[in-house]
Amino acid sequence: MSKKLRFLILGDIVGLSGVSLVKRWIPKLVSTRTIDAVIVNGENAAKNGKGITESIAKDLIASGVSMITTGNHIWAQEETRLSLNKYQNVLRPINFPSRCPGKGFGFFNLGSYEIAVVNVQGQAFMHEKVECPFKALDTTLTFLQMRTKIIFVDFHAETTAEKIALATYVDGRVSGFVGTHTHVQTSDERILPKGTAFITDLGACAALYSSLGMKSETIIERSLTQMPLRAEVVKDPPFMLHGVIIDVDADTGRALSIERIKILDPDPVLT
Ligand SMILES: [Fe+2]
Ligand SMILES: [Fe+2]
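Residues numbered from 1 in each chain as written. Chains lettered and ligands numbered in written order. Predicted model: local features only at pLDDT ≥ 70, side-chain atom pairs only at ≥ 80, totals over all residues. Heavy atoms only, no water.

(A) Seen up close, the sheet that holds strand β9 (residues 190-191). Strand order in the open sheet formed by six strands is β5-β6-β7-β8-β10-β9, and the pairing between neighbours is mixed. Across the chains shown, the open sheet's two edge strands, defined by having one partner strand only, are β5 (105-110) and β9. Sheet topology places strand β8 (residues 176-180) next to strand β10 (residues 197-199); three bridges connect them, and they run parallel. For valine 178, the partnering residue across the bridge sits in β10 and is isoleucine 199. Contacting β5, β6 (113-121), β7 (150-156) and β8, helix α4 (residues 133-144) crosses the sheet at an angle of about 165 degrees to β6. (Pairing = 2+ DSSP bridges. Helix = DSSP H or I, 4+ residues; strand = E, 2+ residues; numbered from the N terminus. Contact = heavy atoms within 4.5 Å. Axes fitted to C-alpha atoms, helices over the stretch in contact; angles between N-to-C directions.)

(B) Summary view of the pattern of salt bridges. Summed over all chains, the structure comprises eleven salt bridges. In this structure, arginine 173 engages aspartate 138 in a salt bridge whose closest nitrogen and oxygen atoms are separated by 2.6 Å. Residue arginine 173 is found in the loop between α5 (160-169) and β8, and its partner aspartate 138 is found in helix α4; the two are separated by 35 residues along the sequence. On the accessibility criterion, arginine 173 (22% relative accessible area) is partly exposed. (Salt bridge = Lys/Arg side-chain N within 4 Å of Asp/Glu carboxyl O. Buried < 20%, exposed > 50% of the residue type's maximum accessible area, 1.4 Å probe, protein only.)

(C) Broad picture of the environment of phenylalanine 177. Topologically, phenylalanine 177 is positioned in strand β8. For phenylalanine 177, a relative accessible area of 0% corresponds to the buried category. Spatially, the C-alpha atom of phenylalanine 177 lies 8.7 Å from that of isoleucine 151, the residues being 26 residues apart in sequence. Apart from the residues within four sequence positions on either side, phenylalanine 177 is in contact with Leu137, Val153, Phe155, Lys163, Leu166, Ala167, Val170, Thr196, Ala197, Phe198 and Ile199.

(D) Quick look at the coordination of the iron ion (ligand 1). Protein coordination of the iron ion (ligand 1) is provided by Asp12 (OD), Glu43 (OE), Asn44 (OD1) and His183 (NE2), with donor distances spanning 2.1 to 2.2 Å. With four donor atoms in place around the iron ion (ligand 1) and angles of 88 to 167 degrees between them, the coordination shape is irregular. In the primary sequence, the donor residues of the iron ion (ligand 1) line up as D-x30-E-N-x138-H. Here the iron ion (ligand 1) and the iron ion (ligand 2) are spaced 3.5 Å apart, with glutamate 43 acting as a shared donor. With a gap of 140 residues between them, glutamate 43 in the loop between β3 (37-41) and α2 (54-62) and histidine 183 in the loop between β8 and β9 connect regions that are remote in the sequence. Each member of the pair, glutamate 43 together with histidine 183, is buried. (Donors = N, O, S within 2.8 Å, 3.2 Å for Na, K, Ca; no water. Tetrahedral: all angles 85-135°; square planar, octahedral: opposite > 155°, others 65-115°.)

(E) Geometry of the environment of glutamate 217. Tracing the backbone through its elements, the reader meets glutamate 217 in helix α6 (residues 216-225). Along the primary structure glutamate 217 and glutamate 232 are separated by 15 residues, whereas in three dimensions their C-alpha atoms are 9.9 Å apart.

(F) Fine view of the environment of leucine 270. Summarising the element assignment, leucine 270 is placed in the segment after β13 (255-265). Separated by 252 residues in sequence, leucine 270 and glycine 18 have C-alpha atoms that sit 9.9 Å apart.

(G) Summary view of the coordination of the iron ion (ligand 2). The protein atoms that coordinate the iron ion (ligand 2) are Glu43 (OE), Asn72 (OD1), His156 (NE2) and His181 (ND1), at distances of 2.1 to 2.2 Å. Given four donor atoms and angles of 88 to 145 degrees at the metal, the environment of the iron ion (ligand 2) is assigned as irregular. For the iron ion (ligand 2), all donor residues lie on one chain, and their spacing in sequence is E-x28-N-x83-H-x24-H.

(H) Inspection of the nonpolar core at higher detail. The biggest cluster of nonpolar side chains holds 37 residues, and the ones touching the most others in it are Leu60 and Leu241. Where this core is concerned, the elements lending two or more residues are β1 (4-10), α1 (15-32), β3, α2, β4 (65-69), β11 (204-207), β12 (239-249) and β13. Among residues more than four places away in sequence, those in contact with leucine 60 are Ile13, Val19, Val22, Val40, Val65 and Ile68. If you look at the next biggest cluster of nonpolar residues, it comprises 24 residues, including Leu110, Ile199, Ile246 and Val248. (Core = buried A, V, L, I, M, F, W, Y, C linked by side-chain atoms within 4.5 Å.)

(I) The arrangement of the packing of aromatic side chains in detail. Scanning the model with the defined rule gives seven aromatic pairs in all. On the basis of an interplanar angle of 55 degrees and a centroid distance of 4.5 Å, the ring pair of phenylalanine 7 and phenylalanine 152 is categorised as tilted. In this pair, phenylalanine 7 sits in strand β1 while phenylalanine 152 sits in strand β7, placing the two residues 145 residues apart along the sequence. Judged by its relative accessible area of 0%, phenylalanine 7 falls in the buried class. Among the residues examined, phenylalanine 152 registers a relative accessible area of 2% and is labelled buried. Ring geometry for phenylalanine 134 against tyrosine 169: centres 5.5 Å apart, planes inclined by 50 degrees, an arrangement best described as tilted. (Phe/Tyr/Trp six-rings, centres within 6.5 Å; stacked < 30°, edge-to-face > 60°.)

(J) Highlighting the packing of α1 against α2. At a minimum axis separation of 10 Å, α1 and α2 run at an interaxial angle of 15 degrees. When the axes of α1 and α2 are compared, the pair comes out roughly parallel. For the pair α1 and α2, the sense of crossing is left-handed. Mapping the contact onto sequence places Leu16, Val19, Val22 and Lys23 in α1 and Ile56, Asp59 and Leu60 in α2. Of the residues contributing to the contact of α1 with α2, the split by class is five nonpolar, no polar and two charged. (Parallel < 35°, antiparallel > 145°, perpendicular 65-115°, else oblique. Left-handed = near helix turned anticlockwise from the far one by under 90°. Nonpolar A, V, L, I, M, F, W, Y, C, P; charged D, E, K, R; others polar.)

Set out below in structure tokens:
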């Protein structure tokens, strides 16, 4: 009988309250659900909800996260622009210009199995002029498939159509394909025909009564005034912890199941 590996993948973590929330839940889920590895999107994990710092990344890794993906907010913290190459197990979208620091794919090990994770960003309704995600992922997978059959993709994109199209394009070539960026969880998790587990968007690890983790009042005022008001991260409970659990046949790389995780946590967190 071939070995089954179980992965917990969490959506965009917003602010230090989101980081605390994730740190609270990882040990619980790892023990109660026998999780083998955790992958998270950390593009909003910094204190102000934009970007990530090396110390936050280290904190998440020390708390049981194996790989951190990001997205369009990756460059929000100045230190990241200067030193992303030093960060361990933090990815930036692979289709940013090659002169950008950092890398778009990474590996970690589970026993004798090597796991690959790829981060790629969409083009539709995104401000950055990134390379075609289809071509970028195609090229990357050709290389990764020579090393391992267990591959996960975080596609950081706005539109449902672009996400479903790219997932279908790589169906059978990756174990799991998850969307991030919208911070709103979709209820369309499924195994695609050729064996890839898929969800259009994981959702977010953030305060429930917020606008994507940020203070709604400011977002409303921004809409009413058209002024570039800066929203703050909401640190008050309840919090939502969103993601999926994907089981993979470790020998074939095919997904066996995908389960949506949607936890509402009423308790305050320390920030
Ligand atoms: Fe985000
Ligand atoms: Fe984003």
